[in-house]
Amino acid sequence: QVQLVESGGGLVQAGDSLRLSCAASRRTVTSHVMGWFRQAPGKEREFVAAIRWSGGSTYYADSVKGRFTISRDNAKITVYLQMNDLKPEDTAVYYCGAQFPGRNYYYPDNYNYWGQGTQVTVSS
């Protein structure tokens, strides 16, 4: 079992930046694909970004391209989501997930492990 813990959320104003962290409990997660998803009240869980530990390929939702950057630190077994130019529509609980490679990164049902989520609130 891989345990994931998100941190770094908070209350910010539009245009501000935040960096979210996802710390993994086991180094075996480096054989996985890692994804960031977000979920606002009354809405489905939405894909934000993903990264492959092996090779570092990245993928982004159109809504965050040019503003968000996903990265990983192999030594710290941590995945980051740098969020710049935040907008009120970015307000949501952000979740970190991990999946075994071979399944599509876009769909949350394909992820094997999830963190507890961290709240990001962006005011106008």
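This text gives an overview of the structure that appears in the document.

Reading guide: rules and limits
- Throughout, residues of each chain are indexed from 1 in the direction in which the sequence is written.
- Per-residue local features of the predicted model are confined to residues with pLDDT of at least 70, and side-chain atom pairs are confined, for both listing and counting, to 80 or more; whole-chain, interface and lining totals are unaffected and use all residues.
- To get the side-chain values, take all heavy atoms of the structure and skip hydrogens and water.
- Runs of E in the DSSP output that reach at least two residues are strands. Runs of H or I that reach at least four are helices, and both are numbered from the N terminus.
- Computation of the radius of gyration draws on C-alpha atoms alone. For the globule rule, the value is 2.2 Å times the number of residues to the power 0.38.
- The classification of residues rests on relative accessible area computed with a 1.4 Å probe and restricted to protein chains. Under 20% of the type maximum is buried, over 50% is exposed, and intermediate values are partly exposed.
- Aromatic pairs are defined between Phe, Tyr and Trp rings, using the six-membered ring for Trp, whenever the two ring centres lie within 6.5 Å; interplanar angles under 30 degrees are classed as stacked, those over 60 as edge-to-face, and all others as tilted.
- It only takes one pair of heavy atoms within 4.5 Å for two residues to be counted as in contact.

**Examining the overall build of the chain**
Within the chain one finds 0 helices and 11 strands. A globule of 124 residues ought to have a C-alpha radius of gyration of about 14 Å, and the chain, at 13 Å, matches this closely. Its C-alpha atoms give the chain principal-axis dimensions of roughly 40 × 30 × 25 Å. Expressed as a percentage of its 124 residues, the buried residues of the chain come to 41%.

**Side note on the packing of aromatic side chains**
Overall, the coordinates contain 9 aromatic pairs when judged by the stated rule. Measuring from ring centre to ring centre gives 5.6 Å for Phe-37 and Phe-47, while their planes differ by 70°; the resulting arrangement is edge-to-face. In this pair, Phe-37 sits in strand β4 (residues 33-39) while Phe-47 sits in strand β5 (residues 46-52), placing the two residues 10 residues apart along the sequence. Residue class for Phe-47 comes out buried when judged on its relative accessible area of 6%. Ring centres of Phe-100 and Tyr-113 lie 6.4 Å apart, and the angle between their planes is 70°; on these two criteria the pair is classed as edge-to-face. Placement of Phe-100 in the loop between β9 (92-99) and β10 (113-114) and of Tyr-113 in strand β10 is noted, with a sequence separation of 13 residues between them. The partly exposed category is assigned to Phe-100, whose relative accessible area is 42%.

**Some thoughts on the side chain of Asn-110**
Locating Asn-110 in the fold gives a position in the loop between β9 and β10. Judged by relative accessible area, Asn-110 falls into the buried class, the value being 11%. In contact with Asn-110, not counting residues within four places along its chain, are Gln-99, Arg-103 and Asn-104.

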